[in-house]
Amino acid sequence: MARTKIALIGSGMIGGTLAHLAALKEMGDVVLFDIADGIPQGKALDIAESGPVEGFDAALSGTTSYEDIAGADVCIVTAGVPRKPGMSRDDLLGINLKVMKSVGEGIKEHAPDAFVICITNPLDAMVWALREFSGLPHNKVVGMAGVLDSARFRHFLSVEFDVSMRDVTAFVLGGHGDTMVPLTRYSTVGGIPLPDLVKMGWTSQEKLDAIVQRTRDGGAEIVGLLKTGSAYYAPAASAIEMAQAYLNDQKRLLPCAAYVDGAYGLDGFYVGVPTIIGANGIEKVIDIELNKDEQAMFDKSVDAVKGLVEACKGIDSSLA
Ligand code: A3D
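Residues numbered from 1 in each chain as written. Predicted model: local features only at pLDDT ≥ 70, side-chain atom pairs only at ≥ 80, totals over all residues. Heavy atoms only, no water.

Rules: UniProt positions are given in the numbering used here, feature names are shortened, and annotations may be inferred rather than shown by experiment.
In the nomenclature of an unreviewed UniProt entry, the chain is known as Malate dehydrogenase of Aliiroseovarius halocynthiae. UniProt, in the comment section headed Catalytic activity (unreviewed entry), describes the chain in these words: "(S)-malate + NAD(+) = oxaloacetate + NADH + H(+)".

And the structure:
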């Protein structure tokens, strides 16, 4: 049986980290693609040379030719430009939309059967555009944001409660931006919902509100510290979790930017929702009940994403 093939479109900070993680976890053979000749080849060789030390069997290669992604089972897309301090994710729209066009066409021609995970920002609009340009089925094209946003929320909560992060679950829905919706009611420590923990006096509402806000600003906090780019370790780990759910048919329940048609009152729209990922890609969108406040936050988030999608249509007439 041939080994699984993982194509990484974009070999920058996240792309390189993805390649390293995929090799360490022996997920399959890895092809790094980039337009910057030398970067994908150099990173592939460097990681391959760590193989004898780490003891993994995975072939790594770097390329600037889409032909080399042929037959990929999974494509993870990070091609484009990241944020610099002072920039919002939305500032990247015009430049990264053009990148999505070439990437979508490359995947359409050479890896049409792949499960495609988009990470490029602004995420919800870019995953929509990538799906349009690639023409792949909606269940096979998904955006990574909710796993990362939820991981940040879980990390902050585990520090606040001084418990293992394995015992903290959290849900963040909506668009990957300032309007994302961390759902405290559906987030738990050892199965106890966060509002109950406030009632029990384990934390205060003020502290919880501050954690929610820090989660919303999680990306900007890292950008502010790094100054030269955006987060890459946690984003890469999050996309790897989604790829594993698909490749191993795990039926994981993960929040992702998925195509929502019917649920949440939406008709054909990409936004962060809880999904089940298995061998058929996005197998189900879970339509959880939102209370009035949560629904209002979700609607605001959806409106923000809709604005970005309309902006994409204004820039590229083939999307209109
Ligand atoms: P970076 O290290 O700059 O890597 C991007 C790579 O894309 C570079 O190596 C470029 O040469 C390459 N590239 C540019 N244009 C093309 C093209 N047309 N075809 C192929 N490759 C191309 O950035 P990064 O890895 O830090 O971040 C990548 C993207 O992920 C950015 O858009 C970030 O904003 C985004 N990001 C998203 C999240 C989410 O949670 C959704 C988190 C962090 C970063």
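Here's the deal with the pattern of salt bridges
Heads up, the condition is: Any Lys or Arg side-chain nitrogen found within 4 Å of a carboxyl oxygen on Asp or Glu counts as a salt bridge. Only DSSP runs of H or I covering at least 4 residues are called helices, and only runs of E covering at least 2 are called strands; the numbering of each starts at the N terminus. Note on exposure labels: buried denotes an accessible area under 20% of the residue type's maximum, exposed denotes more than 50%, and partly exposed covers the range between, all computed with a 1.4 Å probe on protein chains only.
Under the defined criterion, the tally for this structure stands at ten salt bridges. Here Arg185 and Glu294 are joined by a salt bridge, their closest N and O atoms 2.8 Å apart. Within this pair, whereas Arg185 is found in strand β8 (residues 181-189), its partner Glu294 is found in helix α10 (residues 292-315), the two being separated by 109 residues in sequence. With a relative accessible area of 35%, Arg185 lands in the partly exposed category. On the basis of relative accessible area, Glu294 is assigned to the buried category, the value being 6%. Note that Glu310 is salt-bridged to Lys313, the shortest N-O span being 3.4 Å. Separated by three residues within a single helix, Glu310 and Lys313 lie in helix α10, roughly one turn from each other.

Remarks on the packing of aromatic side chains
What counts, and what does not: Between 30 and 60 degrees the pair is tilted, below 30 it is stacked and above 60 it is edge-to-face, where a pair is any two Phe, Tyr or Trp rings, Trp via its six-membered ring, whose centres lie within 6.5 Å. By definition here, charges over rings are those cases where NZ of Lys or CZ of Arg is within 6 Å of the ring centre and within 35 degrees of the ring normal.
Under the criterion given, the structure shown has six aromatic pairs. Consider the rings of Tyr264 and Phe298, whose centres lie 5.1 Å apart with planes at 35°: the pair is tilted. Remark: Phe298 occurs in helix α10 and Tyr264 occurs in the loop between β10 (252-261) and β11 (267-278); sequence separation between them is 34 residues. Exposure class is identical for Tyr264 and Phe298. Each is buried. Sitting over the face of the ring of Phe269, Lys306 holds its NZ or CZ atom 5.5 Å from the ring centroid.

Describing the packing of helix α4 (residues 123-134) against α10
Spelled out, the test is: Axes here refer to lines fitted to C-alpha atoms; in helices the fit is confined to the stretch in contact. Angles between the N-to-C directions go from 0 to 180 degrees. Geometric relationships in this document are graded by angle, where less than 35 degrees denotes roughly parallel, more than 145 denotes roughly antiparallel, 65 to 115 denotes roughly perpendicular, and other angles denote oblique. Crossing chirality is assigned from the near helix's rotation relative to the far helix, an anticlockwise turn below a right angle marking it left-handed and a clockwise turn marking it right-handed. We call two residues contacting when some pair of their heavy atoms lies within 4.5 Å. Put simply, Ala, Val, Leu, Ile, Met, Phe, Trp, Tyr, Cys and Pro go in the nonpolar bin, Asp, Glu, Lys and Arg in the charged bin, and everything else, Gly too, in the polar bin.
Running from N to C, α4 and α10 point in directions that differ by 45°, and their axes come no closer than 9 Å. Relative to α10, the element α4 lies oblique. Handedness of the α4/α10 crossing: right-handed. Residue-level inspection shows Asp124, Ala125, Met126 and Trp128 of α4 in contact with α10, the latter providing Val305, Leu308, Val309, Cys312 and Lys313. Looking at the contact of α4 with α10, its residues break down into seven nonpolar, no polar and two charged.

Things to note about the site of the ligand
Cut-off, in case you're wondering: Residues are classed as near a molecule or strand on a simple rule: at least one heavy atom within 4 Å of it. Any pair of nitrogen or oxygen atoms within 3.5 Å is treated as a polar contact; in protein, a donor-acceptor pairing is required on top of that, and neighbouring residues in sequence qualify only through side-chain atoms on both sides. For every accessible area listed, the method is Shrake-Rupley and the probe measures 1.4 Å; residues are considered covered only by the protein chains on display.
If you check the shell around the ligand, you find 26 residues, and the closest are Met13, Ile14, Asp34, Val81 and Ile119. Between the ligand and Gly80, the relevant distance is 3.2 Å, taken from an oxygen atom to a main-chain nitrogen or oxygen of the residue. Relative to its unbound accessible surface of 880 Å², the ligand loses 88% to contact with the protein. Mapped by element, the contributors of at least two residues to the shell around the ligand are α1 (13-24) and α3 (93-110). With three residues, α3 is the single largest residue contributor to the shell around the ligand.

As for the UniProt feature "domain: Lactate/malate dehydrogenase N-terminal" (unreviewed entry) in the chain
This chain's UniProt record puts "domain: Lactate/malate dehydrogenase N-terminal" (unreviewed entry) on residues 4-143. For residues 4-143, the end-to-end C-alpha separation is 21 Å, with 41% helix and 18% strand making up the annotated structure.

Description of the UniProt feature "active site" (unreviewed entry) in the chain
UniProt records the feature "active site" (unreviewed entry) for His176 in the present numbering. As for its position among the elements, His176 is in the loop between β7 (168-173) and β8. For His176, a relative accessible area of 10% corresponds to the buried category. Not counting the four nearest positions on each side in its chain, His176 is found in contact with Arg89, Asn121, Leu123, Asp124, Ala145 and Asp149.

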